[in-house]
Amino acid sequence: MTEHLLHPRIVESKDWATILFVLSFLLITITKSTNENRFGDFINLIFSDKYSKVYRDSGHLMSGFTLSLFIVQAISFAFFIQLTLSIFGFASKTDYILYIQIITFVIFFILSKYLIEKIIATVFNIEEFVEQFNLQKVTYRTYIGILILPFNIILFYYESISTIIPQTIIATVLISNILTYLMSIKNYQNIIFSKLFYFILYLCTLEIAPYFLMYYWYTKTSA
């Protein structure tokens, strides 16, 4: 007599990801409808610097426009991190617990870094530069987050994705960040050169050290 062993089939749910993708596009739609002109300038950021010139005041950093798109940015970057880990075989892309941990880390990292920058800026007496520098970084980081959102959807719902795709996106993001820093230095060169020592100290402490420590921690734990 043949024995048949039944094994439970575990199907990982993707509903939570679908909800977050829909929420992201809903936030973008609401933001566009309530700030149509500003959103239009923002979308053309890659072709024109009009948005950076018009909305360069530091007060825009805490506006509803910036905050709503910050949520989209956090959702998008957290997805991309998890999907990249999944493609390289370090995690499951449908693990919502892991996603919660990643997005919590992303938000905590960005906000804690911002608060520390505020304190350092006050100590070094470079508040004006740091506020405007932060606004420009947030603007371009949000733009990148929205751009990679469609790629996140493709990476999440399609199987057998080549590792070249996340590597290309990571390289593009790194190059974009470098260009953002160079543009900021060019735009605020008068303030920077007048406080060059403090700027170099700020750059090494808060713009280079955190990412170097994260890379060091990652290489140690994956070794």
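Structural data are supplied above this passage.
Residues numbered from 1 in each chain as written. Predicted model: local features only at pLDDT ≥ 70, side-chain atom pairs only at ≥ 80, totals over all residues. Heavy atoms only, no water.

Asks: Help me understand helix α6 (residues 127–157) in this model?
Replies: Because each turn of an α-helix spans 3.6 residues, side chains separated by three or four positions end up pointing in the same direction. An ideal rise of 1.5 Å per residue puts 45 Å on 31 residues; α6 measures up with 44 Å between its terminal C-alpha atoms. Most pronounced at L149, the bend in α6 amounts to some 35°, and the proline P150 follows within four residues. Among the 31 residues of α6, 22 are classified as buried, and the element is accordingly described as predominantly covered. (Helix = DSSP H or I, 4+ residues; strand = E, 2+ residues; numbered from the N terminus. Expected span 1.5 Å × (residues − 1). Bend = angle between axes of the 7 residues up to and from the residue. Buried < 20%, exposed > 50% of the residue type's maximum accessible area, 1.4 Å probe, protein only.)

Asks: Even after reading the chapter, I still don't get the packing of helix α1 (residues 15–34) against helix α4 (residues 64–87), so can you show me in this structure?
Replies: Axis angle and axis distance: for two packed helices, these are the angle between their axes and the distance between the axes, and together they describe the pair. At a minimum axis separation of 10 Å, α1 and α4 run at an interaxial angle of 150°. As judged from the angle between their axes, α1 and α4 are roughly antiparallel. The two elements α1 and α4 meet at a crossing, and its hand is left-handed. Contact residues: α1 offers W16, A17, L20, F21, L23, S24, L27, I28 and T31, while α4 offers F65, S68, L69, I71, V72, I75, F79 and Q82. Considering only residue class, the contact of α1 with α4 consists of 13 nonpolar, 4 polar and no charged. (Axes fitted to C-alpha atoms, helices over the stretch in contact; angles between N-to-C directions. Parallel < 35°, antiparallel > 145°, perpendicular 65-115°, else oblique. Left-handed = near helix turned anticlockwise from the far one by under 90°. Contact = heavy atoms within 4.5 Å. Nonpolar A, V, L, I, M, F, W, Y, C, P; charged D, E, K, R; others polar.)

Asks: In this structure, what is going on with α1? I would like to understand it.
Replies: With 20 residues, α1 should reach 28 Å at 1.5 Å per residue; the first-to-last C-alpha distance of 28 Å fits that figure. All of the buried residues along α1 are W16, A17, L20, F21, S24, L27, I28 and T31. The arc that holds every buried residue of α1, seen down its axis, measures 145°, which confines them to one face. Facing away from the buried side of α1, by more than 90 degrees, are the exposed residues D15, I19, V22, S33 and T34. (Arc of directions from axis to C-beta.)

Asks: Help me out: how do you make sense of the packing of aromatic side chains in this one?
Replies: What characterises a pair of aromatic rings is the spacing of the ring centres plus the angle enclosed by the ring planes. Tallying each qualifying case throughout the model produces 16 aromatic pairs. Where W16 meets F79, the ring centres are 5.7 Å apart and the plane angle is 5°; that geometry is what we call stacked. Taken together, the residues W16 in helix α1 and F79 in helix α4 connect sequence positions 63 residues apart. Neither W16 nor F79 differs from the other in exposure class; each is buried. Centroid distance F42 to Y51: 5.5 Å. Interplanar angle 70°. Geometry classified as edge-to-face. For Y51, a relative accessible area of 4% translates into the label buried. Of the aromatic side chains, those joined through ring pairs into one cluster are W16, F21, F79, Y99, F156 and Y157. Here K93 stacks its cationic end above the ring of F156, 6.0 Å away from the centre of that ring. (Phe/Tyr/Trp six-rings, centres within 6.5 Å; stacked < 30°, edge-to-face > 60°. Lys NZ or Arg CZ within 6 Å of the ring centre and 35° of its normal.)

Asks: How should the environment of F77 be read in this particular structure?
Replies: Within the secondary structure, F77 is located in helix α4. Setting aside its immediate chain neighbours within four residues, F77 contacts R141, I144, G145 and I148.

Asks: Could you clarify how one ought to interpret the environment of L149 in this entry?
Replies: With respect to the helices, strands and loops of the structure, L149 is situated in helix α6. A sequence separation of 76 residues divides L149 from Q73, and the C-alpha atoms of the two residues are 8.6 Å apart. Beyond its immediate chain neighbours, meaning those up to four positions away, L149 contacts F21, S24, F25, I28, V72 and S76.

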